[in-house]
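Letter by letter, the chains look like this.
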Amino acid sequence: MNKINLAKTRPDRTLRQPMELVEAGLVSETTLADLEKVAARYAVAVTPDLAALIDADEADDPIARQFIPSAEELVMQPGENADPIGDHSHSPVSGIVHRYPDRVLFKLVHICAVYCRFCFRREMVGPGRATALSPEAYSSALDYIRSHPEIWEVVLTGGDPLMLSPRRLKEIMSDLAAIDHVKIIRLHTRVPVAEPSRISAEMIAALKVKGATTWIALHANHARELTEKAREVCASIIDAGIPMVSQSVLLRGVNDDITDLEALMRAFVECRIKPYYLHHGDLAPGTAHLRTTLAQGQALMRALQGRVSGLCQPDYVLDIPGGHGKAPVGPNYLSEDNSLSRQREGHMESRYRVVDYCGDIHLYPPEG
Ligand code: SF4
C-alpha cells in the first residue's frame, strides 16, 4: 500500500462546483469557464476522502483523472453514445434492466457519493436527473422480478445503492429476499472508497437478509483508493459474512501501467476482495481521453498473468455497444495447430498451441 500521505488540504464537505475545486487548490482558475460548461452537463462530486488523496502538484494524478472534471469531456468522438451499453433497450419497466436471463439490474437511485469522469451512465446519474424510484415504480419493478422465476440474481446499481439509508436498504433487501427465486442480491458500490464513514454497523446489518445471499462489488481503479479507512470498512463487511468482489475500469493515466494495475489487484486480494472484472472503457460521451485500446488492455492482461497469482486475475471484459452484454476479450492463450504437415500426417486428434506466462509457445499434447 502507498504509505505517502498525500493529504495537503482536506475539505470538510463534498466539492460539487468548479469554483469549490479552484478554492480547494485542485484545479487552476484559468480552467474555470470550461469546467463550468462540463459541470452544466455532467455531475461533479469529490468527497473529502478522495480530495485528500489527490496530489494537486501532480498534473496527471491518477485520482484526479478519475474525479476532477476536464475540458476534454466537452469533446465527443464518433461512436460515443449517451447509453453506451444499451440499458434503455433492455428495460421492461422503470428501474429494471433485464439483459441476461437469470439476472436483472435494479436501479434504485441516480445519485452517487462521487461522480466518475468516465461513467458509462453519466447521462443518467447525478442531481437533477431522475431521482429515486417512485413508490409505484418500485412496486412495479418488484412485480416484474416476482413474475419472472428465472431471475436468480438481482444487482442493485444505479447510481450507488449505498447512498440509501440503512432503514431503506433493509426494506429493499427484505422485499427482494421474500421472492423465492431470488437467491443472490449483489450491490455495486464505490462508497467504501469514496465515503467510508457512510458504512455504519447499521448499514452492514441492513445488508444481511434471510432468504438470499448478499454480495458486494467494490468499484476502485487505483491502489491508492484503498486507504486504511477503506480497508477497515471492507474488513467489517467481510467479517459480517458478506463476500466482496472488485470491478475496475481500465483507464488511461490511471491504471494502464502494469505496475499500477498489479498494485491494484494485489491490494484487492490483501483486503479479501476477489478481483472480478476489469472493464474496457465504454463509449460514454466525452471519455476518449480516458480510454485505452483493446490491444493495450490485452497486453496488460498478458503482463499481469506473468506477474501475479490467479487470485489477482480479473476477467478483462467489453460491454458490447447496443446492449448485447459482456464479452471476455482475452488475451487468448490457446490456438489450434492446423499445420499442413500435421494434416498430411493424417492426424485426427486436434493439437493446440498454448502460450505460457513468459510468452513461450508449447504444443498440447506435446510431440513424441
Ligand atoms: S460511482 Fe458508478 S454510477 Fe456513480 S459515477 Fe461512478 S461509475 Fe458512475
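Just above sits the structure.
Residues numbered from 1 in each chain as written. Predicted model: local features only at pLDDT ≥ 70, side-chain atom pairs only at ≥ 80, totals over all residues. Heavy atoms only, no water.

**What about the sheet that holds strand β7 (residues 273-279)?**
Judged by pairing direction, the sheet is mixed, and its 9 strands sit side by side in the order β1-β2-β3-β4-β5-β6-β7-β8-β9 without closing on themselves. Each of the sheet's edge strands pairs with one partner strand only, and the pair in question is β1 (96-100) and β9 (326-328). Strand after strand, the sheet turns through a mean of 30° between neighbouring axes, direction not considered. Pairing analysis gives 6 bridges linking strand β4 (residues 184-189) to strand β5 (residues 213-219), with the strands arranged parallel. (Pairing = 2+ DSSP bridges. Helix = DSSP H or I, 4+ residues; strand = E, 2+ residues; numbered from the N terminus. Axes fitted to C-alpha atoms, helices over the stretch in contact; angles between N-to-C directions.)

**Section: the nonpolar core**
Counting 99 residues, the largest nonpolar core has Val46, Phe106, Ile145, Val154, Leu156 and Leu176 as its most contacted members. Filtering out sequence-adjacent residues up to four positions away, leucine 176 remains in contact with Phe106, Leu142, Ile145, Val154, Leu156, Val182 and Ile185. (Core = buried A, V, L, I, M, F, W, Y, C linked by side-chain atoms within 4.5 Å. Buried < 20%, exposed > 50% of the residue type's maximum accessible area, 1.4 Å probe, protein only. Contact = heavy atoms within 4.5 Å.)

**Here we look at the packing of aromatic side chains**
Counted according to the given criterion, the structure contains 2 aromatic pairs. On the basis of an interplanar angle of 15° and a centroid distance of 5.9 Å, the ring pair of phenylalanine 106 and tyrosine 138 is categorised as stacked. Taken together, the positions of phenylalanine 106 in strand β2 (residues 103-107) and tyrosine 138 in helix α5 (residues 135-146) put the pair 32 residues apart, joining distant regions of the chain. For tyrosine 138, a relative accessible area of 8% corresponds to the buried category. The cationic tip of arginine 122 hangs over the ring face of tyrosine 42; the distance from NZ or CZ to the ring centre is 3.6 Å. Over the ring of tyrosine 138 we find arginine 168; its NZ or CZ atom is 4.6 Å from the centre of that ring. (Phe/Tyr/Trp six-rings, centres within 6.5 Å; stacked < 30°, edge-to-face > 60°. Lys NZ or Arg CZ within 6 Å of the ring centre and 35° of its normal.)

**As for the side chain of arginine 122**
Looking at the secondary structure, you find arginine 122 in the loop between β2 and α5. Among the polar contacts made by the side chain of arginine 122, one reaches the main-chain carbonyl oxygen of arginine 117 at a distance of 3.2 Å. Among all residues touching arginine 122, those that are not within four sequence positions of it are Tyr42, Glu73, Arg117, Arg129, Ala284, Pro285, Gly286 and Thr287. (Polar contact = N/O pair within 3.5 Å; in protein donor to acceptor, adjacent residues only side chain to side chain.)

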